[in-house]
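One letter stands for each residue in the lines below.
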Amino acid sequence: GAGVSQSPRYKVAKRGQDVALRCDPISGHVSLFWYQQALGQGPEFLTYFQNEAQLDKSGLPSDRFFAERPEGSVSTLKIQRTQQEDSAVYLCASSLNGQDTDTQYFGPGTRLTVL
Amino acid sequence: AQRVTQPEKLLSVFKGAPVELKCNYSYSGSPELFWYVQYSRQRLQLLLRHISRESIKGFTADLNKGETSFHLKKPFAQEEDSAMYYCALSGVYNFNKFYFGSGTKLNVKP
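The structure presented is a predicted model; accordingly, all values stated were derived computationally and were not measured. (Residues numbered from 1 in each chain as written. Chains lettered and ligands numbered in written order. Predicted model: local features only at pLDDT ≥ 70, side-chain atom pairs only at ≥ 80, totals over all residues. Heavy atoms only, no water.)

Of regular secondary structure, chain A possesses zero helices and 11 strands. For chain A, the sequential pattern of α-helices and β-strands runs β-β-β-β-β-β-β-β-β-β-β. What you see for chain A is a C-alpha radius of gyration of 13 Å, in line with the 13 Å of a compact globule of 115 residues. Projected onto its principal axes, the C-alpha coordinates of chain A cover approximately 40 × 25 × 25 Å. When each of the 115 residues of chain A is scored for burial, the buried share is 47%. Long-range pairs, those at least 24 residues apart, make up 53% of the contacts in chain A with a sequence separation of at least 6. Accessible surface for chain A amounts to roughly 5,700 Å². Of this, 45% is attributable to carbon and sulfur atoms. Taken together, the 11 basic and 12 acidic charged side chains of chain A have centroids lying 11 Å from each other. (Helix = DSSP H or I, 4+ residues; strand = E, 2+ residues; numbered from the N terminus. Rg over C-alpha atoms; globule rule 2.2 N^0.38 Å. Buried < 20%, exposed > 50% of the residue type's maximum accessible area, 1.4 Å probe, protein only. Contact = heavy atoms within 4.5 Å. Areas by Shrake-Rupley, 256 points an atom, 1.4 Å probe, with all protein chains shown as cover. Lys, Arg positive; Asp, Glu negative; His and termini not counted. Charge placed at Lys NZ, Arg CZ, Asp CG, Glu CD.)

In structure tokens, the structure reads:
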């Protein structure tokens, strides 16, 4: 079946612009995660949803970052007034039930470049 | 503070040689440890987790709580093992928040 998909795959923004990144999880997956991966680094946790509830947003770096999952499926990560330090690959992952034995399935990522 | 350290950015070995990718962690609780792999032009995917005590593609990893390590080992490296490897941890009671290391690129030479 289809895996996690993300769009756009690449996004170039001018500093100060707002961007919206989309994640389509695997159908039926309850849990959804967002990560930020800077060049040469591992993924860093941003936020986690269980269905439509955002249960952990402790990794969001500033109040310019906002994530939502209003119907418990598709999620959008929004970055307002983008800065150069926001340049990174943004990864989305989903898992079936959010249980400790679940596997997270990752999307291909959106590469954001802020000029 | 929670931290995962992978001291080697790049590890090059010849085909058939043993390989060990190092991972050390610090965590104020009971950790769950994982290895993720990203092959060229593919997505990040789970390779193995310590709780399963399984061997995947000939790789094994043992959790050493005394040394706070979770090194990934394979006795005979294959060219198709060339990839980026990330060590990661979550908490037994907060298993939805993952911490990743910065990754080690394994290059297996023919």
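Facing the 14 residues of chain B at the interface are 23 residues of chain A. Of the roughly 1,600 Å² buried at the junction of chain B and chain A (both faces included), carbon and sulfur atoms supply 50%. At the surface where chain B touches chain A, the tally comes to six residue pairs in polar contact (both at pLDDT 80 or more). Taken together, the residues that form the side of chain B that touches chain A break down as seven nonpolar, three polar and four charged. (Buried area = accessible area lost by both parts, 1.4 Å probe. Polar contact = N/O pair within 3.5 Å; in protein donor to acceptor, adjacent residues only side chain to side chain. Nonpolar A, V, L, I, M, F, W, Y, C, P; charged D, E, K, R; others polar.)

Below, the discussion takes up the layout of surface pockets. The calculated volume of the largest pocket comes to roughly 760 Å³. As for the largest pocket, its lining consists of 29 residues, and the residues nearest its centre are Gln37(A), Val89(A), Arg111(A), Gln38(B) and Tyr86(B). Those elements giving two or more residues to the lining of the largest pocket turn out to be strand 9 (88-95) and strand 11 (110-114) of chain A together with strand 9 (83-91) and strand 11 (104-109) of chain B. If you tally residues by element for the lining of the largest pocket, the top one is strand 11 of chain A, at four residues. Within the lining of the largest pocket, the residues separate by chemical class into 13 nonpolar, 12 polar and four charged. If you add up the space inside the second largest pocket, you get close to 370 Å³. Lining of the second largest pocket is provided by 20 residues; of these, Pro43(A), Glu44(A), Phe45(A), Tyr99(B) and Phe100(B) occupy positions nearest its centre. Of all elements in the fold, only strand 5 (44-50) of chain A together with strand 1 (3-5) and strand 10 (99-100) of chain B reach the threshold of two or more residues within the lining of the second largest pocket. Of the residues that constitute the lining of the second largest pocket, the class distribution is eight nonpolar, nine polar and three charged. (1 Å grid on protein atoms, 1.4 Å probe; cavity = no way out; pocket = protein on both sides within 12 Å on 5 of 7 lines; lining within 4 Å. Points joined across faces, edges and corners; volume = space filled by probe spheres on them.)

A few words now on the environment of Pro70(A). Residue and element names in this part refer to chain A. For Pro70, the position within the fold is in the loop between strand 7 (65-68) and strand 8 (75-79). We classify Pro70 as exposed; its relative accessible area is 62%. In this structure, the C-alpha to C-alpha distance between Pro70 and Glu52, residues 18 residues apart in sequence, is 5.4 Å.

Residues and elements named next belong to chain A. Under the criterion given, the structure shown has two disulfides over all chains. A sulfur-sulfur distance of 1.8 Å marks the disulfide that ties Cys23 to Cys92. With the S-S dihedral at roughly -65 degrees, the linkage between Cys23 and Cys92 falls on the left-handed side. Taken together, the residues Cys23 in strand 3 (residues 19-24) and Cys92 in strand 9 connect sequence positions 69 residues apart. (Disulfide = S-S within 2.5 Å.)

What follows deals with the pattern of salt bridges. Under the counting rule described, the total for this entry stands at six salt bridges over all chains. Here Arg64(A) ties to Asp86(A) by a salt bridge, and the two come within 2.8 Å at their closest N and O atoms. With Arg64(A) in the loop between strand 6 (53-56) and strand 7 and Asp86(A) in the loop between strand 8 and strand 9, the pair connects residues that are 22 residues apart, well separated along the chain. When its relative accessible area of 11% is taken as the criterion, Arg64(A) is described as buried. What makes Asp86(A) buried here is its relative accessible area of 3%. Among the salt bridges present, the one from Lys78(A) reaches Glu68(A), with a minimum N-O distance of 3.3 Å. You can see Lys78(A) sitting in strand 8 and its partner Glu68(A) sitting in strand 7, a full 10 residues away along the chain. For Lys78(A), a relative accessible area of 32% corresponds to the partly exposed category. Look at the salt bridges and you will find they share partners, linking Glu20(B), Lys22(B) and Lys73(B) into a network. (Salt bridge = Lys/Arg side-chain N within 4 Å of Asp/Glu carboxyl O.)

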